[in-house]
Amino acid sequence: MSHQHAEFQERLRQLDRKHAKAAHGFRARMRSDGLIVVEPQKVVRSRISGKVFVLFLVVGVMFKGFLVAALGYSSYDARVAQLAQGSFVERGGAFLMQRDPISTRIAEELRPILR
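**Here's the deal with the overall build of the protein chain**
- Secondary structure assignment for the protein chain yields 5 helices and 2 strands.
- Tracing the protein chain from N to C terminus, the helices and strands come up as α-β-β-α-α-α-α.
- When its C-alpha atoms are laid out on the principal axes, the protein chain stretches across 80 × 40 × 20 Å.
- For the protein chain, buried positions account for 10% of its 115 residues.
- Contacts spanning at least 24 positions in sequence make up 42% of the contacts within the protein chain whose residues lie at least 6 apart.

**A closer look at helix 2 (residues 50-71)**
- Here helix 2 spans 32 Å end to end across 22 residues, near enough to the 32 Å set by a 1.5 Å rise per residue.
- Within helix 2 the residues assigned to the buried category are Lys64, Gly65, Val68 and Ala69. Buried residues of helix 2, viewed axially, fall in a sector of 135 degrees; they line one side. Along helix 2, the residues that are exposed and aim more than 90 degrees away from the buried face are Leu55 and Phe56.
- Buried residues belonging to helix 2 abut helix 3 (73-83), helix 4 (88-97) and helix 5 (101-114).
- The positive-phi residue at the C-terminal boundary of helix 2 is Gly72, with phi of around 95 degrees.

**Section: the pairing of strand 1 (residues 26-30)**
- Burial analysis of strand 1 places just 0 of its 5 residues in the buried class, a small minority of the element.
- In this sheet, strand 2 (residues 36-40) lies alongside strand 1 in antiparallel orientation, the contact comprising 5 bridges. Note that in strand 2 the partner of Phe26 across the bridge is Pro40.
- Linking strand 1 to strand 2, which pair antiparallel, is a turn of 5 residues; within it Gly34 sits at a positive phi near 95 degrees.

**So, the packing of helix 2 against helix 5**
- One way to put it is that helix 2 packs onto helix 5 with a least axis distance of 7 Å and a crossing angle of 50 degrees. Classified by the angle between their axes, helix 2 and helix 5 sit oblique to one another. When the axes of helix 2 and helix 5 are compared, the crossing they make is right-handed. For the pair formed by helix 2 and helix 5, the contact residues are Val61, Met62, Lys64, Gly65, Phe66, Val68, Ala69 and Ala70 on the first element and Ile102, Ser103, Ile106, Ala107, Leu110, Arg111 and Leu114 on the second.
- Grouping the amino acids of the contact of helix 2 with helix 5 by side-chain chemistry returns 11 nonpolar, 2 polar and 2 charged.

**Some points on the pattern of salt bridges**
- One pass over the full model with this rule turns up 9 salt bridges.
- Between Glu39 and Arg27 there is a salt bridge; the shortest N-O distance is 3.1 Å. Taken as a pair, Glu39 in strand 2 and Arg27 in strand 1 lie far apart in primary sequence, 12 residues in all.
- On the basis of relative accessible area, Glu39 is assigned to the partly exposed category, the value being 22%.
- Of the charged contacts in the structure, one is a salt bridge between Lys64 and Asp100, with a shortest N-O distance of 2.6 Å. Residue Lys64 is found in helix 2, and its partner Asp100 is found in the loop between helix 4 and helix 5; the two are separated by 36 residues along the sequence.
- Here the salt bridges do not stand alone but share partners, grouping Glu10, Arg13 and Arg17 into one network.

About the criteria used
- Residue positions within a chain follow its written sequence, with the count starting from 1.
- Reporting of local features is limited, given that this is a predicted model, to residues whose pLDDT is at least 70; pairs of side-chain atoms are given and counted only at 80 or more, and all residues count toward the totals for whole chains, interfaces and linings.
- Based on all heavy atoms of the structure, the side-chain values leave hydrogens and waters out of the count.
- For helices the rule is a DSSP run of H or I covering at least 4 residues; for strands it is a run of E covering at least 2, with both sets numbered from the N terminus onward.
- Classification of residues uses two cut-offs on accessible area relative to the type maximum, computed with a 1.4 Å probe and protein chains only: under 20% is buried, over 50% is exposed, and between them is partly exposed.
- By the convention used here, residues are in contact when the closest approach between their heavy atoms is within 4.5 Å.
- Here the expected length of a helix is defined as 1.5 Å per residue gap, with one fewer gap than residues.
- Relevant arc is that of directions from the helix axis to the C-beta atoms, nothing else.
- Two strands make a pair as long as DSSP finds a minimum of two bridges between them.
- Here the axes come from fitting lines to C-alpha atoms, over the contacting stretch only for helices, and the angles between their N-to-C directions go from 0 to 180 degrees.
- By definition in this entry, angles of less than 35 degrees are roughly parallel, angles greater than 145 are roughly antiparallel, angles of 65 to 115 are roughly perpendicular, and the rest are oblique.
- Put simply, a crossing is left-handed when the front helix is turned counterclockwise from the back one by less than a right angle, and right-handed when it is turned clockwise.
- Here the nonpolar group is Ala, Val, Leu, Ile, Met, Phe, Trp, Tyr, Cys and Pro; Asp, Glu, Lys and Arg are the charged ones; every other residue, Gly included, is treated as polar.
- Just to be clear on terms, a salt bridge is a Lys or Arg side-chain nitrogen sitting within 4 Å of an Asp or Glu carboxyl oxygen.

Here it is as structure tokens:
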């Protein structure tokens, strides 16, 4: 009885996996021999999670704050202004590297440590 029960439970697990895959819809395709095969659609997931994106933003803002603290406000602003005179990509970089309140606050905290 236990062997039959184990086989039955395995069939139920297979059906559950099949239904979970089918929850995102089906796709029908015709094989080269003319047989139409219905398969569950694959789910495309991003390899970059939200945590990684937020971490990237935090590190970027902290890097800007470090640069502002190391170079000084006027020197940093002059370099960003010079970058804004360049090509399209350089202007985009200058836009991203403009001082913002958060990076300025980080620079204020780091400035005594760096000097």
